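Residue-level structural notes
Each chain, written out:
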Amino acid sequence: MVRLLQWLLAVTALATVVVEMLIWWYAQGGDWGLAVRTGWALLRSLGFLLLIRQVRLGRASARPFGLILCVTTLFAVARLILPKQGLPTTPGVLGFVALSVLCAAVLVLLYRSAELDTHLRQHPRRIVMDRNGFSLQQVAPKRPPVSGWLLTARVAGLAYGPLMLVPAIVAIGLVLDGRVTLVPLIVVWFVAALGMSYLMGIVTFFLLRGKRWPRPVVILLTVAALAVQLPLCWLMLDGDGLVRDGAPLVVTAGLAVYALWRADVPTSNL
């Protein structure tokens, strides 16, 4: 089952690249925004290769990482197939459907396979010295086991920065078109995206250490990310940008908040 999932992830990564190239090929008059979003979608396909490594090593983080990766990948491809005018091309729609099936299969294996459930509980291997000398063995961490929902909240929180950065880069196209007065707002957008990545990295680090204070901070940062992203998308990229770049962040934020809530609910109440 582990080998099957690895091959499925490899096929999904390849399918992502093929679908995005088809959309770019059939796009009529691809602009700066489409180029940026296509480049980001292609870069995201490398995430499936990283996920293959996590699965092979049996990391518990493979599940939340796979969930966020599949959801955001589908959003990234969906916003590419939607033209500003008219209907999506047939190859783009068929490619999106095929990619949706592959991502659904990945999630079913990650969350429903008993064999993978056992495999993804392995501890990192470290060099250990005993009476037989040095050897590479699995070593359980000293801290208590981390909830899968907390891992999901961390992965979702770390995705805020990139999801904010992409539309900020898209907005640079407006400056290239002569709207230089938007430069200060774009700078603020960039600073907010980079700052969000930095803060989420620190806060969610302590979240996994069992601290209570990071939970409300994650929620406050989530509200801040949405408060920056949604108005700027509407102001500079219009309703089209709000759908293409605001919706992925809204869904990811929802996953983060839901994961925090589920992590607080006692197991007996689930």
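All chains use their own residue numbering, which begins from 1 and follows the written sequence. The predicted origin of the model limits local features to residues at a pLDDT of at least 70 and limits the giving and counting of side-chain atom pairs to 80 or more, whereas totals for whole chains, interfaces and linings rest on all residues. Here the side-chain values reflect all heavy atoms present in the structure, with hydrogen atoms and water set aside.

Let us now look at the overall build of the protein chain. A count of helices and strands for the protein chain gives 10 helices and 2 strands. Helix and strand definitions follow DSSP, with helices as H or I runs of at least four residues and strands as E runs of at least two, each counted in order from the N terminus. For the protein chain, the succession of helices and strands along the chain, N to C, is α-α-α-α-α-α-β-β-α-α-α-α. Three exposure classes are used, based on accessible area relative to the maximum for each residue type with a 1.4 Å probe and protein chains only: buried under 20%, partly exposed in between, and exposed over 50%. A buried classification covers 40% of the 270 residues belonging to the protein chain. Sequence separation of 24 or more characterises 71% of the internal contacts of the protein chain that already satisfy a separation of 6 or more. Just so you have it, the protein chain exposes about 14,500 Å², and 69% of that area is on carbon and sulfur atoms. Working rule for contacts: check all heavy atoms of both residues, and any pair within 4.5 Å makes them a contact. Values of accessible area rely on a 1.4 Å probe in the Shrake-Rupley scheme; residue burial ignores everything except the protein chains shown.

For the rest of this paragraph, the subject is the packing of aromatic side chains. Note on aromatic pairs: the rings of Phe, Tyr and Trp (six-membered ring only in Trp) are paired at centre separations within 6.5 Å, and the planes decide the class, stacked below 30 degrees, edge-to-face beyond 60, tilted for the rest. Inspection of every chain in the model, using the stated rule, returns 4 aromatic pairs. Seen from their ring centres, Trp149 and Tyr258 are 5.5 Å apart, and the 90° between their planes marks the pair as edge-to-face. Taken together, the residues Trp149 in helix H7 (residues 148–158) and Tyr258 in helix H10 (residues 214–264) connect sequence positions 109 residues apart. Classification of Tyr258 as partly exposed rests on a relative accessible area of 36%. Connected via pairs of aromatic rings, a cluster forms that spans Trp149, Tyr258 and Trp261. Put simply, a charge is over a ring when the Lys NZ or the Arg CZ is close to the ring centre, within 6 Å, and near the line of the ring normal, within 35 degrees. Across the ring face of Tyr111, the terminal group of Arg63 is positioned such that the distance to the ring centre comes to 5.7 Å.

Along the chain, Thr72 falls in helix H4 (residues 62–81). Residues Thr72 and Ala156, spaced 84 residues apart in sequence, show a C-alpha to C-alpha distance of 9.9 Å. The contact partners of Thr72, leaving out residues within four places of it in the chain, are Arg44 and Thr252. Polar contacts, as used here, are pairs of N or O atoms within 3.5 Å; protein pairs need one atom able to donate a hydrogen and one able to accept it. Residues neighboring in sequence count only if both atoms are side-chain atoms. Reaching out from Thr72, the side chain makes a polar contact with the backbone oxygen of Ile68 at a distance of 2.6 Å.

Now for a nonpolar patch on the surface. Taken together, the side chains of Tyr198, Leu199, Ile202, Phe205, Phe206 and Trp213 define a hydrophobic patch exposed on the protein surface, amounting to about 590 Å² of accessible area. Relative to the elements of secondary structure, Phe205 occurs in helix H9 (residues 183–208). By relative accessible area, Phe205 is classed as partly exposed at 36%. Exposure above 30% relative accessible area and the lack of any salt bridge qualify a residue for a patch; like charges then connect within 9 Å, and the nonpolar side chains Val, Leu, Ile, Met, Phe, Trp and Tyr within 5 Å. Throughout this description, the term salt bridge denotes a Lys or Arg side-chain nitrogen within 4 Å of a carboxyl oxygen of Asp or Glu.

Among buried residues, those of type Ala, Val, Leu, Ile, Met, Phe, Trp, Tyr and Cys that are joined through side-chain atoms within 4.5 Å constitute a nonpolar core. The biggest cluster of nonpolar side chains holds 67 residues, and the ones touching the most others in it are Leu5, Leu9, Tyr160, Trp189 and Met236. By residue number, the principal contributor to this core is H10, which donates 12 residues. If near-sequence neighbours (up to four positions away) are discounted, Leu5 is found in contact with Val55, Val106, Leu109, Leu110 and Leu116.

Counted according to the given criterion, the structure contains 1 salt bridge. Across the pair Arg63 and Asp117 runs a salt bridge, and its minimum N-O distance is 3.1 Å. Of this pair, Arg63 sits in helix H4 while Asp117 sits in helix H6 (residues 114–119); the two residues are 54 residues apart in sequence, bridging distant segments of the chain. When its relative accessible area of 18% is taken as the criterion, Arg63 is described as buried.

Let us look at the confidence of the model for the protein chain. Of the residues in the protein chain, 84% have a pLDDT of 70 or more, and the chain-wide mean is 83. pLDDT expresses how confident the predictor is about each individual residue, on a scale running from 0 to 100. Looking across the protein chain, the model is least confident in strand S2 (residues 133–138), with a mean pLDDT of 56, and most confident in H9, with 94. The low-confidence segment residues 266–270, where pLDDT is below 50, has 2 contacts with residues more than four positions distant or belonging to other chains.

Let us look at the side chain of Gln229. With respect to the element layout, Gln229 can be found in helix H10. Exposure remark for Gln229: the relative accessible area of 0% places this residue in the buried category. Only 3.0 Å separates the side chain of Gln229 from the backbone oxygen of Leu163, close enough to count as a polar contact.

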